[in-house]
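What the coordinates show
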Amino acid sequence: MNKEYKIEGMSCGGCVASVRNALLQSPGIKDVEVTLQPPAANITMDDRIPESDLQKALSLIGNYKITENE
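Within each chain, residues carry numbers counting from 1 in the order of the written sequence. Local features in this predicted model are restricted to residues of pLDDT 70 or higher, and side-chain atom pairs are both shown and tallied only at a pLDDT of 80 or more, whereas totals for entire chains, interfaces and linings draw on every residue. To obtain the side-chain values, all non-hydrogen atoms of the structure were used and water was disregarded.

Section: the overall build of the chain
Segments assigned H or I by DSSP are reported as helices when at least four residues long, segments assigned E as strands when at least two residues long, and all are numbered from the N terminus. Each helix and strand counted, the chain has 2 helices and 4 strands in total. Reading the helices (α) and strands (β) of the chain from amino to carboxyl end gives β-α-β-β-α-β. The C-alpha radius of gyration of the chain comes to 11 Å, within 12% of the 11 Å expected for a compact globule of 70 residues. If you line up the chain on its principal axes, its C-alpha atoms span 30 × 25 × 20 Å. Three exposure classes are used, based on accessible area relative to the maximum for each residue type with a 1.4 Å probe and protein chains only: buried under 20%, partly exposed in between, and exposed over 50%. The buried share of the chain, taken over its 70 residues, is 33%. Nonlocal contacts in the chain, meaning residues at least 24 apart in sequence, comprise 56% of its contacts between residues at least 6 apart. Using the Shrake-Rupley algorithm and a 1.4 Å probe, accessible areas are obtained, with residue cover drawn only from the displayed protein chains. Carbon and sulfur atoms provide 48% of the accessible area of the chain, an area that totals close to 4200 Å². Computation of the radius of gyration draws on C-alpha atoms alone. For the globule rule, the value is 2.2 Å times the number of residues to the power 0.38. Only heavy atoms enter the contact rule, under which two residues are in contact if any of them lie within 4.5 Å.

What follows is the structure, encoded as C-alpha cells:
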C-alpha cells in the first residue's frame, strides 16, 4: 500500500535524509521516498499505519509535522 504525506519543517537535504531514515525505522514500512520540493513523503507500507505513529517517529528527530494528503 502506498500513501502520500505532506511533511512540514524540512529545509535541506539533511532534513530529507533524517526524515527518510526515521520513517524507515517504523515497523511495517517497506520503503520511503522523501522530497524537499514539494516537501512530501511517499510511503510504501504493509498495512495502514496510523498518522500518529509516523508523527511520533518524526518528533524524535526534530520539529517535523506529517499529514496525509487527501
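With respect to the pattern of salt bridges
Note on definitions: salt bridges are taken to be side-chain nitrogens of Lys or Arg within 4 Å of carboxyl oxygens of Asp or Glu. As enumerated under the stated definition, the model contains 4 salt bridges in all. Its salt-bridge partner being Arg-20, residue Asp-31 comes within 3.5 Å of it at the nearest N-O pair. Taken together, the residues Asp-31 in strand 2 (residues 29–35) and Arg-20 in helix 1 (residues 13–24) connect sequence positions 11 residues apart. Assessed through its relative accessible area of 33%, Arg-20 is described here as partly exposed. Residue Glu-68 is joined to Arg-48 by a salt bridge in which the shortest nitrogen-to-oxygen separation is 2.9 Å. Taken as a pair, Glu-68 in strand 4 (residues 65–68) and Arg-48 in the loop between strand 3 (40–45) and helix 2 (51–59) lie far apart in primary sequence, 20 residues in all. When salt bridges with common partners are traced through the structure, they connect Lys-3, Arg-48 and Glu-68 into a single cluster.

Some thoughts on the environment of Asp-47
Within the secondary structure, Asp-47 sits in the loop between strand 3 and helix 2. Judged by relative accessible area, Asp-47 falls into the exposed class, the value being 57%.

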